[in-house]
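Tertiary structure, described
Below are the chains, spelled out letter by letter.
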Amino acid sequence: MAAVAAPPSTFAPQTTRLSAPSITVNIRHTTPAAPVVMTERVMKKNDETLASMWREIQGAGDWADLVEPLHPLLRAEIVRYGELVAATYKAFDLDTCSKRYLNCKYGKARMLEAVGMASAGYDVTRYIYAAPNIAFPGATGLCPSRWMGYVAVASDETARRLGRRDIVVSFRGTVTGSEWVANMMSSLEQARFDPADPRPDVKVESGFLSVYTSDDATCRFTCGSCRNQLLSEVTRLINKYKHEDISITLAGHSMGSSLALLLGYDLAELGLNRDGFGNTLPITVYSFAGPRVGNAGLKNRCDKLGVKVLRVVNVNDPITKLPGIFLNENFLWAKLELPWSCACYTHVGVELALDFFKARDPA
């Protein structure tokens, strides 16, 4: 995993276990750490369930009082969405002799079952393919699209348990050479997702934008850019369940978390997160080891549109210090609104900092 180190703190970190067979982690606090006990603030009511407080767990209140200490329901949801992201790696075919090389090993109907997640409670509705607009020297054309993840929707039984119909988009991280090249394309570029209001102040990393928006006409599995595939499928599912309570959850690891944030911003900017009654549907991004994606213009716009981002990071991992290792939100000139401040990268959302070097099982 990749992650940004949290700012140094004079307070002792608090140790918390994410799940029974999982890992022990440190949560960095900016206030004195409380003892690890089940206080009334953690378990307010005996009948507290995910269905009764799913909006808070999805970030409606910016996770106030849920991160410090880590609420059991939020902890369980982080693990659950993390497993849905891990499924993309388990299903990704790295066998160079396979006809599905660099694509998914399984069909949509059995993918989750095949990776050991038959009880996940989601139905995969579409696979997502993407590639940056990059041509390597000597190649006959641009890099072909590769399987990037999937769209899934909660089953009826899971929807009852969650308290809403959850639409999930899960992205894997960087694997191919062209994706590594895209990660290094750190110049900022205007997103311009809404043709009617391009908002030139909103800028994102050009490599991530290329992966999200580039179209590969030669892909035999799908047509259209990653962006078009996602907007089409998410809109279709929203329309299908438009008279139910719906949540849109976007989860990704590393580069995949960047695509998740771009999609969340895109949906909100275009106003596509509306149900059949015209109500705004909550958009939540679970970012695992995600790098910075854009500038303060992107952060401010996401905040205004209500796109909620929970960044789960490893404090010892340098990746989320990038891009913008020198020009970022922590430097004085980024806060003074000077002419060059728009060139500073800025993280979006709330950070949950974990120390994986203290994990019992490093794997």
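Residues numbered from 1 in each chain as written. Predicted model: local features only at pLDDT ≥ 70, side-chain atom pairs only at ≥ 80, totals over all residues. Heavy atoms only, no water.

Using the criterion set out here, one finds 13 salt bridges in the structure. The shortest N-O distance in the salt bridge between Asp303 and Lys299 comes to 2.8 Å. With Asp303 and Lys299 both in helix H9 (residues 296-305), this residue pair falls four residues apart, about one helical turn. Residue classification places Asp303 among the partly exposed positions, given a relative accessible area of 41%. Exposure remark for Lys299: the relative accessible area of 25% places this residue in the partly exposed category. Each member of the salt-bridge network shares a partner with another, and the members are Asp197, Arg199, Glu269 and Arg301. (Salt bridge = Lys/Arg side-chain N within 4 Å of Asp/Glu carboxyl O. Helix = DSSP H or I, 4+ residues; strand = E, 2+ residues; numbered from the N terminus. Buried < 20%, exposed > 50% of the residue type's maximum accessible area, 1.4 Å probe, protein only.)

What follows deals with the packing of aromatic side chains. Aromatic ring pairs are defined here through the distance separating the ring centres and the angle between the ring planes. Taken as a whole and judged by the stated rule, the model has five aromatic pairs. Taken together, a centroid distance of 4.7 Å and an interplanar angle of 25 degrees make the contact between Tyr81 and Tyr286 stacked. Of this pair, Tyr81 sits in helix H2 (residues 72-91) while Tyr286 sits in strand S9 (residues 283-288), and the two are 205 residues apart along the sequence. Here the two residues Tyr81 and Tyr286 agree in accessibility, since each one is buried. Residues Phe92 and Trp147 carry aromatic rings whose centres are separated by 6.3 Å and whose planes lie at 20 degrees to one another, so their mutual orientation is stacked. Residue Phe92 is found in the loop between H2 and helix H3 (111-114), and its partner Trp147 is found in strand S4 (residues 146-154); the two are separated by 55 residues along the sequence. On the accessibility criterion, Phe92 (4% relative accessible area) is buried. (Phe/Tyr/Trp six-rings, centres within 6.5 Å; stacked < 30°, edge-to-face > 60°.)

The next subject is the nonpolar core. Judged by nonpolar contacts, the single largest core of 45 residues is most densely connected at Tyr212, Leu230 and Leu263. If you tally residues by element for this core, the top one is helix H8 (residues 255-269), at nine residues. Not counting residues within four places of it along the chain, the set of residues in contact with Tyr212 comprises Phe193, Ser225, Cys226, Arg227, Leu230, Leu231, Leu259, Leu262, Leu263 and Asp266. Judged by nonpolar contacts, the second largest core, of 40 residues, contains Ala87, Val115, Val124 and Ala154. (Core = buried A, V, L, I, M, F, W, Y, C linked by side-chain atoms within 4.5 Å. Contact = heavy atoms within 4.5 Å.)

At a minimum axis separation of 11 Å, helix H7 (residues 226-240) and H8 run at an interaxial angle of 55 degrees. By the angle between their axes, H7 is oblique relative to H8. Crossing hand, H7 versus H8: right-handed. Contacts from Arg227, Leu230, Leu231 and Val234 in H7 reach Leu263, Asp266 and Leu267 in H8. In terms of residue class, the contact of H7 with H8 is made up of five nonpolar, no polar and two charged. (Axes fitted to C-alpha atoms, helices over the stretch in contact; angles between N-to-C directions. Parallel < 35°, antiparallel > 145°, perpendicular 65-115°, else oblique. Left-handed = near helix turned anticlockwise from the far one by under 90°. Nonpolar A, V, L, I, M, F, W, Y, C, P; charged D, E, K, R; others polar.)

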